[in-house]
Amino acid sequence: MATGRRCWSRPLSLQLEQRLARRRDGGAGRRVQEPRLGPRRAAILGCVGFRDARSAASLPEVPPIASLGPRPSVRLEPGGVPGGSGGGGRMSAEAADREAATSSRPCTPPQTCWFEFLLEESLLEKHLRKPCPDPAPVQLIVQFLEQASKPSVNEQNQVQPPPDNKRNRILKLLALKVAAHLKWDLDILEKSLSVPVLNMLLNELLCISKVPPGTKHVDMDLATLPPTTAMAILLYNRWAIRTIVQSSFPVKQAKPGPPQLSVMNQMQQEKELTENILKVLKEQASDSILVLEAALTLNKDLYVHTMRTLDLLAMEPGVVNGETESSPAGLKIRTEEMQCQVCYDLGTAYFQQGSANSAIYEKAREKFFRTKELISEIGSLSLHCTIDEKRLAGYCQACNVLVPSSDSTSQQLTPYSQVHICLRSGNYQEVIKIFIEDNLTFSLPVQFRQSVLRELFQKAQQGSEALDEICFKVCACNTVRDILEGRTISVQFNQLFLTPNKEKIDFLLEVCSRSINLEKASDSLKGNMAAFLKNVCLGLEDLQYVFMISSHELFITLLKDEEQKLLIDQMRKRCPRVNLCIKPVTSFYDIPASASVNIGQLEHQLILSVDPWRIRQILIELHGMTSERQFWTVSNKWEVPSVYSGVILGIKDSLTRDLVYILMAKGLHCSTVKDFSHAKQLFAACLELVTEFSPKLRQVMLNEMLLLDIHTHEAGTGQSGERPPSDLISRVRGYLEMRLPDIPLRQVIAEECVAFLLNWRENEYLTLQVPAFLLQSNPYVKLGQLLAATCKELPGPKESRRTAKDLWEVVVQICSVSSQHKRGSDGRVSLIKQRESTLGIMYRSELLSFIKKLREPLVLTIILSLFVKLHNVREDIVNDITAEHISIWPSSIPNLQSVDFEAVAITVKELVRYALAINPGNHSWLLIQADSYFANQYSAALHYYLQAGAVCSDFFNKTVPPDVYTDQVIKRMIKCCSLLNCHTQVAILCQFLREIDYKTAFKSLQEQNSHDAMDSYYDYIWDVTILEYLTYLHHKRGETDKRQIAIKAIGQTELNASNPEEVLQLAAQRRKKKFLQAMAKLYF
């Protein structure tokens, strides 16, 4: 062999014979350097049942053992090639160089194998004394227990449990000795060993410590037991409690490697085993807590097994037991150390249980503070008591917050406790005070302060408007802390500071002033604060607020004169018309007077003012200063509709022109932002002004005031369903019937008037009283008349629904597209679709805009029904959408190619989205939305199907009406669940049909790749046939646990076929309710 590895290609017995022969010959002839492990392998054969090496000649060849690590290199004498033939045997020059290079490398010492410790008793102690033993102690425990628990195979090739032979007992003893070497430190063992391995190790400790098997630990008196036995019981119950607590913490999942079936199976088995152990431990948690509480009453020292006591126990069990009872054997654990560790573990258990019962926090607090007392008594010399004191301090602090002590001596509250007490009592001003003080000391972690802010945000979002101001103040305190420590400003502060006011600026300046001690603060803190104040100034648009900050004492102290000048330059570039003085001023009107400054001041006031008389006064002053300017151009935000601007700008007098334009622009803006009171003042002033000289503009203002009154009513009393006053309805009718020539009209006013009449059910006027010329000249009146007539005729017979056909034809024409034929270069004629057809009374976008002004449920239902029917007419439709009153529409269209069905589908989605925004509880609209999603978004479709049932059944506490959950709806829900691989849900929904669909139910239950809760849903099945099929199916698959669940479900007395029909119906209704509520929680 040219390599340094051992050749295992020959039978093991032959290797052993050759090796022993060489040693008997004293190494004569050619010698091969033997590995250290050679002689032991012969003994292995004896352990597995061979009396001598020759009897193993029939063994198969042993493959190379990678775990043994690299072996010493083979040194060849001249002519000595093992296994070779022929003479000479000299190495070539290349081979010699390779051998020289190989021999010069340092050899990695071979890793000791687990079976070597079986062959040499003293090897384990020698191995563990090494500074860095390889394998590590915890790895040895795993290897020993893994080998001891391997199942055997008998002659019939049947798997048998691990035999209780000498080999396995020694392996378990070795594992216990390694744990004893680690002084039974649960921190080390839990960190490195899995739950199943550690459970096996501690059970072996109980067994070797003479704990009777099958006896409950809580029934044993620890005071009368031998010290090592009592300590073994304490160790096991401490581990049980710690494991339960640890399992409640979230664990970051390790990134999976390349998928390997064997590895995945092994991981799954270990996961299931861990879950089973945890389940048992949680069931016995109360007993473990009682055992540990009893341990706190012991007043004697305990002993834990060492390697020596375990050796004695293996040789002569009686000796060591007597020795332990007389207390010199094992590692001594003082009573205080034991109680300290037990108190801590009990405290963590009680703290974990406190989330379900807050009264238990008092017990946790008692245990944690007792632990602190014991640690101070024991000192830092304890070997057994290993407690993370920082974690203990955190637990104590949390308990102080959750269960404040009534003892006056313990009222040295930390800032944590003070904040939590204030939050519970609602004393938010004190929280702000604590945060401001903390900006000087930096004692509270930033994460804690952010969590307090998040909690306040959540309370504010739940409807507590009074907390909005508190949220801003806490956010401001956190922001100042962030900038002092060099962090960026949070998004929350920027959002809350979007609309600054004087109170916010004052509070922010107060926090900044109280958060920095200028005499002791470092240059970096001062620089951070100065930069923050500069950035706040640059972000403000209102110069009054800028002057509030720049005139503050803190701003003047922190910013040098050069920095202040630079800031002024930046502000001047951003707002060129305003001249800022360098010195900070206290008022906007303290700016030095000059012509340009005065004009700038007045223009600024003109932009901000919404008082019509103040606007008039400012314009008079401006026109007195200069006659060259057109002041209606001061702000590019002042916009007047183009149909009006030509008339207004035609006014000859410049002052009047500016005043009319600005009053109308400001009034329209106030109406847009729903500031209706100021809008009415501005429009009234403008009306009074134009009445004197322009009848045309007077009518324009009357029209705009009508639109404003409509908006005011709709946003105010109209929200609660109060009908508008009769004079407003009369004015709306008058506007529609108006026939004054040369009056500029805005289309939106006509839209709003027709929508207003439809929303307040003025169907009589629209169908019978509207003038004929309006139907020809105003498309919105025509559309409103058709909608009103259709709504009015809905209860009548089918013969009277001619208006529905007229409305259908109008909408079809609106949704049509103009087309033309074009001949290509190859001579073929192709059809090219153009934009929307101009043959309709309006464009589709205008129709959609008009519909979105409607709020009357019946009108919206009619429009939705029409578009749904139009959507269903197309030939390539796969799934029809259902809607109310769909039968009143024609069933076909003469020319399908002329309709833009893609636009129709988009319109349906937009309309149903708008309708649900108006009334989210309309079940027919919800079903339309669900059907529209049914084509390809199955989870969303289920969401709306379930929501439709929930809104009309008080969240399924009542029976869902059969006209809502029809068989078609149920079948679509079944299909959605099937496509989502939720096959158990499919089977349950099959029961909802008038005739139970057993074929679909059985087929779905046969699916094994189900993405729902599977057997957790069996309680919702009331059909005995399906439950019987489930029982058979699980029995056939060998799924015992699931079969038992099915048997338990079928065995309920209320499902007995002999029960009266009322009892069976009640059982079915109760299961329907619970199942639909569970589905709603899943998909909502």
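Everything numeric in this text was worked out from a predicted model, so none of it was measured.

So, how was this worked out
Residues numbered from 1 in each chain as written. Predicted model: local features only at pLDDT ≥ 70, side-chain atom pairs only at ≥ 80, totals over all residues. Heavy atoms only, no water. Helix = DSSP H or I, 4+ residues; strand = E, 2+ residues; numbered from the N terminus. Buried < 20%, exposed > 50% of the residue type's maximum accessible area, 1.4 Å probe, protein only. Contact = heavy atoms within 4.5 Å. Areas by Shrake-Rupley, 256 points an atom, 1.4 Å probe, with all protein chains shown as cover. Axes fitted to C-alpha atoms, helices over the stretch in contact; angles between N-to-C directions. Left-handed = near helix turned anticlockwise from the far one by under 90°. Nonpolar A, V, L, I, M, F, W, Y, C, P; charged D, E, K, R; others polar. pLDDT = per-residue confidence, 0-100. Phe/Tyr/Trp six-rings, centres within 6.5 Å; stacked < 30°, edge-to-face > 60°. Lys NZ or Arg CZ within 6 Å of the ring centre and 35° of its normal. Core = buried A, V, L, I, M, F, W, Y, C linked by side-chain atoms within 4.5 Å. Expected span 1.5 Å × (residues − 1). Parallel < 35°, antiparallel > 145°, perpendicular 65-115°, else oblique. Salt bridge = Lys/Arg side-chain N within 4 Å of Asp/Glu carboxyl O.

### Points about the overall build of the chain
- Of the regular secondary structure elements, the chain holds 50 helices and six strands.
- With 1084 residues in all, the chain has 43% of them scored as buried.
- Across the chain, contacts joining residues at least 24 apart in sequence account for 65% of those joining residues at least 6 apart.
- As presented, the chain carries roughly 58,300 Å² of accessible surface, and 52% of it is formed by carbon and sulfur atoms.

### Points about the packing of helix α38 (residues 779–793) against helix α39 (residues 802–814)
- For the pair α38 and α39, interaxial distance at closest approach is 8 Å and the crossing angle is 145°. The handedness of the crossing between α38 and α39 comes out as left-handed. Between α38 and α39, the contacting residues are Leu 783, Leu 786, Leu 787, Ala 789, Thr 790 and Glu 793 on the first element and Arg 802, Thr 803, Ala 804, Asp 806, Leu 807 and Val 810 on the second.
- Taken together, the residues of the contact of α38 with α39 break down into seven nonpolar, two polar and three charged.

### Here we look at the confidence of the model for the chain
- Mean pLDDT over the chain stands at 78; residues scoring 70 or higher make up 80%.
- The low-confidence segment residues 100–104 (pLDDT under 50) makes zero contacts with residues lying over four places distant or belonging to another chain.

### Quick word on the packing of aromatic side chains
- Using the criterion set out here, one finds 24 aromatic pairs in the structure.
- On the basis of an interplanar angle of 65° and a centroid distance of 5.3 Å, the ring pair of Phe 351 and Tyr 361 is categorised as edge-to-face. Placement of Phe 351 in helix α15 (residues 335–353) and of Tyr 361 in helix α16 (residues 361–378) is noted, with a sequence separation of ten residues between them.
- Measuring from ring centre to ring centre gives 5.8 Å for Phe 955 and Phe 956, while their planes differ by 55°; the resulting arrangement is tilted.
- A relative accessible area of 31% means that Phe 955 is categorised as partly exposed.
- In textbook terms, an aromatic cluster arises when at least three aromatic residues are bridged by ring pairs, as seen for Tyr 344, Phe 351, Tyr 361, Phe 368 and Tyr 395.
- For the cation-ring pair, Lys 1072 lies above Phe 992, with the distance from its terminal atom to the ring centre recorded as 5.3 Å.

### Considering unusual backbone geometry
- Located in the positive-phi region is Lys 674, a residue other than glycine, with phi close to 65°.
- As for its position among the elements, Lys 674 is in the loop between α31 (654–672) and α32 (676–691).
- In this structure Lys 674 comes out as exposed when scored by relative accessible area, which is 60%.
- One non-glycine residue, Phe 956, adopts positive backbone phi at about 65°.
- Of note, Phe 956 is situated in the loop between α44 (938–951) and α45 (967–979).

### Things to note about the nonpolar core
- Core analysis: the largest hydrophobic core is formed by 158 residues, its most contacted members being Leu 787, Leu 807, Phe 850, Phe 867, Tyr 965, Met 973 and Phe 1075.
- Looking at which element gives the most residues to this core, the answer is helix α41 (residues 857–873), with ten residues.
- Non-local contacts of Met 973, meaning those with residues more than four positions away in its chain, are made with Leu 942, Tyr 945, Leu 946, Tyr 965 and Leu 989.
- Among the nonpolar cores identified, the runner-up in size contains 85 residues, and Tyr 236, Ala 240, Val 245 and Ile 375 belong to it.

### Structural notes on α15
- Taking 1.5 Å of rise per residue, the 19 residues of α15 would be expected to cover 27 Å, and the 27 Å separating its terminal C-alpha atoms lies within 8% of that figure.
- Of all 19 residues making up α15, 15 are buried, and the element is well covered by its neighbours.

### Structural notes on helix α43 (residues 923–933)
- Across the eleven residues that make up α43, a large majority, nine, are buried.
- Within the span of α43, buried status applies to Ser 924, Trp 925, Leu 926, Leu 927, Ile 928, Gln 929, Ala 930, Asp 931 and Ser 932.
- Packed against the buried residues of α43 are α41, α42 (901–918), α44 and α45.

### A closer look at the side chain of Lys 367
- Its location among the elements puts Lys 367 in helix α16.
- With a relative accessible area of 9%, Lys 367 lands in the buried category.
- Look past the residues within four positions of Lys 367 in its chain and what remains in contact with it is Glu 293, Leu 296, Cys 343, Leu 346, Gly 347 and Tyr 350.

### Points about the packing of helix α6 (residues 137–148) against helix α7 (residues 166–181)
- The contact between α6 and α7 brings their axes to 8 Å, and the two run at 160°. Relative to α7, α6 is oriented roughly antiparallel. The interaxial crossing formed by α6 with α7 has left-handed handedness. Contacts between α6 and α7 pair Pro 137, Leu 140, Ile 141, Phe 144, Leu 145, Gln 147 and Ala 148 from the former with Arg 167, Asn 168, Leu 171, Lys 172, Leu 174, Ala 175, Val 178 and Ala 179 from the latter.
- Residues of the contact of α6 with α7, tallied by class, amount to eleven nonpolar, two polar and two charged.

### Some details on the environment of Lys 282
- Mapping Lys 282 onto the fold places it in helix α11 (residues 261–283).
- Sequence separation between Lys 282 and Thr 243 is 39 residues, and the spatial gap between their C-alpha atoms is 9.4 Å.
- In contact with Lys 282, other than residues within four places in its own chain, are Ile 244 and Ser 247.

### Considering the pattern of salt bridges
- The full count for this structure, using the stated rule, is 31 salt bridges.
- For the salt bridge of Arg 1070 with Glu 1054, the shortest nitrogen-to-oxygen distance reads 2.1 Å. Residue Arg 1070 is found in helix α50 (residues 1061–1083), and its partner Glu 1054 is found in the loop between α49 (1040–1050) and α50; the two are separated by 16 residues along the sequence.
- Here the salt bridges share partners, and the residues they tie into one network are Asp 438, Arg 449, Arg 481, Asp 482, Glu 485 and Arg 487.

### Concerning the side chain of Thr 274
- Assignment of secondary structure puts Thr 274 in helix α11.
- Relative accessible area serves as the criterion here: at 18%, Thr 274 is assigned to the buried category.
- Setting aside chain neighbours within four positions, we find Thr 274 in contact with Val 195 and Pro 196.

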